[in-house]
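Structural characterization, general
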Amino acid sequence: MVEWYFKDMDGNTQGPFSTEEMHNWYVAGYLKSDLLIAQNPQNGFNPLRDWFPNPNLAFTPGASGAPGRNGSGPGQEDELKWYFLDRSRNPQGPFSTSQMRQWFEQGYFEPTLQIYDSSKPENSPDGGWKVLRDYFPNVQNAFLIGTYIITDVIRSFFSSEQ
């Protein structure tokens, strides 16, 4: 069973609480997007909006949130480089490739989501804000690290031959 903790308005840790309890409180409007939450308080707290970028899925059965600002380790694939536009068209990020993949697999991202890879110059053909399916034509492979690197290599190879 997943246990949740949060920081109250005085900065005190509250919990553990079940996902169902958290969901009920969220639906009732008691938990705001800037509430600091954690599954393991020793690993630190992150805002609810970082755990669940799609607020409609916050604490729903099967939706396992994860803090977007914590990469899973060192390496290029976990560089905090991805941004996306939320429903209000506000940029969110930066997030790691592995975090973006996790959210994609959980159904948070549609193929029409506007994303930006900040590791590429904005004025380059591969840079700037684009819809997810333009970055990843095979949408099922979105944010797969190996596929992304291979796609970049192939794209670079063919563009240099022209």
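Scroll up to find the structure this text is about.
Throughout, a residue's number is its position along its own chain's written sequence, starting from 1. Two thresholds apply to this predicted model, a pLDDT of at least 70 for residue-level local features and 80 or more for giving and counting side-chain atom pairs, whereas whole-chain, interface and lining totals are computed over all residues. The side-chain quantities take in all heavy atoms of the structure and omit both hydrogens and water.

So, on to the overall build of the protein chain. Secondary structure summary: the protein chain contains 5 helices and 8 strands in total. Counting from the N terminus, the helices are the DSSP runs of H or I reaching at least four residues and the strands are the DSSP runs of E reaching at least two. Mapped in sequence order, the helices and strands of the protein chain form the string β-β-α-β-β-α-β-β-α-β-β-α-α. Each residue gets one of three labels from its accessible area relative to the maximum for its type: buried under 20%, exposed over 50%, partly exposed in between, using a 1.4 Å probe on protein chains only. Of all 162 residues assigned to the protein chain, the portion counted as buried reaches 37%. Sequence separation of 24 or more characterises 43% of the internal contacts of the protein chain that already satisfy a separation of 6 or more. Surface exposure of the protein chain reaches about 9300 Å², of which carbon and sulfur atoms provide 51%. The contact criterion used is simple: two residues touch if any of their non-hydrogen atoms lie within 4.5 Å. Accessible surface is estimated by sampling points in the Shrake-Rupley manner with a 1.4 Å probe; for residues, cover comes only from the protein chains shown.

Two strands make a pair as long as DSSP finds a minimum of two bridges between them. If you trace the 4 strands from one edge of the open sheet to the other, you get β2-β1-β3-β4, paired in antiparallel fashion. Unpaired on one side and paired on the other, β2 (13–18) and β4 (46–47) mark the two borders of the sheet. The pairing of strand β1 (residues 3–7) with β2 spans 4 bridges and is antiparallel. Looking at β2, one finds that E3 is bridged to S18.

Before going further, it helps to examine the layout of surface pockets. Space inside the largest pocket adds up to approximately 560 Å³. Using a grid of 1 Å spacing that covers the protein atoms alone, one calls a set of points a cavity when a 1.4 Å probe fits there but cannot get out, and a pocket when the set is open and has protein on both sides within 12 Å along at least five of seven lines; lining residues are those with an atom within 4 Å of a point. P53, F84, L85, D86 and R87 are, among the 25 residues lining the largest pocket, the residues nearest its centre. Elements with a contribution of two residues or more to the lining of the largest pocket: α2 (48–51), β5 (82–85) and β6 (91–95). For the lining of the largest pocket, the leading source of residues is α2, giving 3 residues. By residue class, the composition of the lining of the largest pocket is 12 nonpolar, 7 polar and 6 charged. Grid points are joined across faces, edges and corners, and a volume is the space filled by probe spheres set on the points. All amino acids are sorted into three groups, where Ala, Val, Leu, Ile, Met, Phe, Trp, Tyr, Cys and Pro are nonpolar, Asp, Glu, Lys and Arg are charged, and the leftover types, Gly among them, are polar.

Turning to the packing of aromatic side chains, a few remarks are in order. Pairing of aromatic side chains requires ring centres within 6.5 Å, counting the rings of Phe and Tyr and the six-membered ring of Trp. Pairs whose planes differ by under 30 degrees are stacked, by over 60 edge-to-face, and all others tilted. This model, assessed by the stated rule, comprises 18 aromatic pairs. Consider the rings of F84 and F95, whose centres lie 5.7 Å apart with planes at 25°: the pair is stacked. Here the residue F84 occupies a position in strand β5, and F95 occupies one in strand β6, the gap between them amounting to 11 residues. The buried category is assigned to F84, whose relative accessible area is 5%. What makes F95 buried here is its relative accessible area of 2%. Seen from their ring centres, F95 and W103 are 4.9 Å apart, and the 75° between their planes marks the pair as edge-to-face. Per residue, the accessibility class of F95 equals that of W103, and both read buried. Here the aromatic cluster, defined as three or more aromatic residues joined through ring pairs, consists of W82, F84, F95, W103, F109, Y135, F136 and F143. Two conditions define a charge sitting above a ring: the NZ of Lys or the CZ of Arg must be within 6 Å of the ring centre, and it must be within 35 degrees of the ring normal. Of note, K130 hangs over the ring of Y135, and the distance from its end group to the ring centre comes to 5.4 Å.

Where a strand is regular, its side chains alternate between the two sheet faces. Looking at chain direction, β5 and β6 are connected through 3 bridges and run antiparallel. Looking at β6, one finds that F84 is bridged to Q92. The turn linking β5 back onto β6 is made up of 5 residues, and R89 within it adopts a positive phi angle of 65°.

Attention shifts here to the pattern of salt bridges. When a carboxyl oxygen of Asp or Glu lies within 4 Å of a side-chain nitrogen of Lys or Arg, that pair is called a salt bridge. Counted by the stated rule, this structure contains 2 salt bridges. Measuring nitrogen to oxygen at the nearest pair gives 3.7 Å for the salt bridge that ties D117 to K81. Pair noted here: D117 is in strand β7 (residues 114–117) and K81 is in the loop between α2 and β5, with a separation of 36 residues, a long-range link. For D117, a relative accessible area of 0% translates into the label buried. By relative accessible area, K81 is classed as buried at 5%.

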